[in-house]
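Listed below are the residues making up each chain.
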Amino acid sequence: MLNTLLAIFEGLTPMNGENLVAALNILWKGVLAIFIVIALIIVAVKLTSYAIASAEEAKKQREENATKNENQTNT
Amino acid sequence: MEYLLEGFKALTPQQVVMWIIGGVLIFLAIKKDMEPALLLPMGFGAILVNLPLSPVIKDSGIINSLFQVGIAASEAMPLLLFIGIGCMIDFGPLLSNPKLFILGGAAQLGIFITVILAVMIGFPLDAAASIGIIGAADGPTAIHVANTLLGGGNPFNTLVGPITVVAYSYMALVPIVQPAVMKLCTTKKERTIKMKYSAKQVSKLMRILFPIIVTIVSGIIAPESISLVGMLMFGNLLRECGVLKSLSETAQTTFSNIITLLLGITISFQMQAEAFISVNTLIIMVLGLFAFVFDTFGGVMCAKIMNLFCKEKINPLIGAAGISAFPMAARVVEKVGVKEDSSNHLLMHAVGANVSGQIASAIVGGLIIGLVL
C-alpha cells in the first residue's frame with residue numbers, strides 16, 4: 001500500500017532511517033553552529049564597540065588636557 | 001501549410017497548465033503587488049519556456065545559456081544580488097542592540113524542522129535540505145543552496161524550479177502567514193509589552209568593521225556560507241565606507257534591478273512543464289508553509305525564553321521578524337504590535353531582528369551545504 005502511494009510521488013522512497021539520523025544530526029549541528037557564530041559576532045561587536053568608545057574617550061581627554069595646558073600657558 | 005501546425009501538434013496539456021501558472025504569477029505580481037520584480041519575469045518566463053519547440057531552452061538558447069552561465073556554473077546571479085541587498089541594509093538598529101542577533105538565529109528553526117519532515121516523507125537528504133532552505137525566507141539563498149545540492153545530474157534537479165517559486169511566493173505571503181502564528185504563540189499581555197528604543201549613536205568605524213567581523217567569523221566557523229555572507233557583507237561595506245557613494249547607490253538600484261530581472265527570467269528555465277508539474281511540487285508547497293510557520297514559532301518562542309533572563313522585557317512579536325524576508329517581516333511585526341496597542345511601535349526593534357535574520361539565513365544556508373555535502 002505504502003509503495004503504491006509512494007509511486008505517485010515521483011522518486012520518493014519509504015522513509016530511510018539513515019537519512020532521518022542524518023537530518024537530526026543536521027538539526028543539532030546546524031543549530032549549535034549558528035548560535036556559536038552569533039555568540040562570537042555579539043562578543044566581537046561588544047569588544048569592538050568598547051574599544052572604540054575607550055579610544056574616543058581617551059582622545060577627548062587628551063584634547064581637554066591640551067586645551068587646559070594651552071590656557072594655563074596663556075595666563 | 002504543414003509547418004504552421006507543427007507548434008500545435010507539439011503542444012502538451014502540461015505546457016498549457018504552465019501557461020496558466022505563468023499567468024497566475026503575472027497576476028499576483030501586477031494585481032496583488034506580490035514580489036513583482038521577480039514573480040513577473042518568472043511568470044513570463046514560465047510561458048516562454050513552455051511554448052512548444054521553444055528555441056530559448058535549446059543548448060544555444062538564450063534562457064538556457066543564461067541559466068548555465070548565471071546559475072548552474074557558479075550561482076553568480078543569486079550571489080551578486082546579495083551585494084545589492086547588503087547595500088540596502090542598515091545594521092544600525094542591530095548594532096545598537098546586539099542581543100537581537102539571537103532572534104535571527106532562532107528564527108531559522110523552520111529550516112531544520114522542515115528538513116526532518118521532508119526526510120520523513122521520503123525525500124533523500126540533499127533534496128530535503130534544499131526544500132528546508134525555503135525557510136530561509138530569502139530567494140537568492142534558496143536558489144544557491146538548491147542549485148548547489150541538486151545541481152548537475154542529481155535526479156531531483158527538477159525540484160530547483162518549484163523550490164524557487166515556492167520560496168518567493170511565501171516571502172510575498174509573509175503578511176498573511178505570520179500574524180496568525182504570532183497570535184497563536186503569544187498572549188495579549190505579551191503582545192502589548194512596550195520596548196524603549198534609544199537610538200544609540202553607532203560610530204562610523206563600528207559600521208565599517210561590522211561587515212568585516214561577520215565575514216571573518218562566518219568564514220572560520222561555517223566556510224560554506226562565505227559566498228553568500230561575503231557578498232552580503234561586501235555590499236554593506238560599500239554602503240558604510242562613505243567613499244563609494246555612487247557605487248553604493250548603483251548597487252542598491254540599477255545593479256540590483258538588472259540582476260533581479262535576469263534572475264527571474266533565467267530561473268524560469270527550471271519551470272519546464274515535464275519537470276514542474278508533479279505531485280512533488282505540491283508537497284514542496286506544503287513543506288514550505290511548514291518552514292515559514294516553524295521559523296516564526298522559533299523566533300517568537302526564543303524571545304519568550306530571553307524574557308526569562310532579561311531585565312528589560314522583549315516583546316515576543318519581534319522574534320517573528322528574525323526570519324529573513326527583509327523588510328516585510330519587520331513591517332508585519334509593527335502592524336501586529338500597533339493593532340494590539342496603537343501607541344506601541346516595535347518597528348526599529350523588529351528591523352534589528354530582521355537584519356540579523358538576513359545574516360543568519362545566509363549562514364545557515366552555507367551550514368546546510370557543508371553538512372549535507
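The structure reproduced in this document is the subject of the present report. (Residues numbered from 1 in each chain as written. Chains lettered and ligands numbered in written order. Predicted model: local features only at pLDDT ≥ 70, side-chain atom pairs only at ≥ 80, totals over all residues. Heavy atoms only, no water.)

Concerning the pattern of salt bridges
All names here are of chain B. Applying the stated criterion across every chain yields a total of 7 salt bridges over all chains. With a closest N to O distance of 2.9 Å, arginine 191 and glutamate 340 form a salt bridge. Residue arginine 191 is found in helix α13 (residues 188-191), and its partner glutamate 340 is found in helix α19 (residues 328-340); the two are separated by 149 residues along the sequence. Given the relative accessible area of 10%, arginine 191 is considered buried. One salt bridge connects aspartate 341 with lysine 194, and the closest N-O pair in it is separated by 3.8 Å. Pair noted here: aspartate 341 is in the loop between α19 and α20 (347-372) and lysine 194 is in the loop between α13 and α14 (204-221), with a separation of 147 residues, a long-range link. Sharing partners across several salt bridges, the network here consists of Asp90, Arg207, Arg239 and Glu240. (Salt bridge = Lys/Arg side-chain N within 4 Å of Asp/Glu carboxyl O. Helix = DSSP H or I, 4+ residues; strand = E, 2+ residues; numbered from the N terminus. Buried < 20%, exposed > 50% of the residue type's maximum accessible area, 1.4 Å probe, protein only.)

Some remarks on the interface of chain A and chain B
In many reports, interface size means the accessible area that the parts give up when they come together. With 35 residues of chain A at the interface, the matching set in chain B holds 39 residues. Summed over both partners, the interface of chain A with chain B buries about 3,100 Å², with 86% contributed by carbon and sulfur atoms. Between chain A and chain B we count 0 salt bridges in total. Where chain A meets chain B, there are 0 residue pairs in polar contact (both at pLDDT 80 or more). Every element with two or more residues in the side of chain A that touches chain B is listed here: α1 (2-8) and α2 (17-74) of chain A. Per-element tally for the side of chain A that touches chain B: the top contributor is α2(A), with 26 residues. The residue makeup of the side of chain A that touches chain B, split by class, is 24 nonpolar, 7 polar and 4 charged. (Contact = heavy atoms within 4.5 Å. Buried area = accessible area lost by both parts, 1.4 Å probe. Polar contact = N/O pair within 3.5 Å; in protein donor to acceptor, adjacent residues only side chain to side chain. Nonpolar A, V, L, I, M, F, W, Y, C, P; charged D, E, K, R; others polar.)

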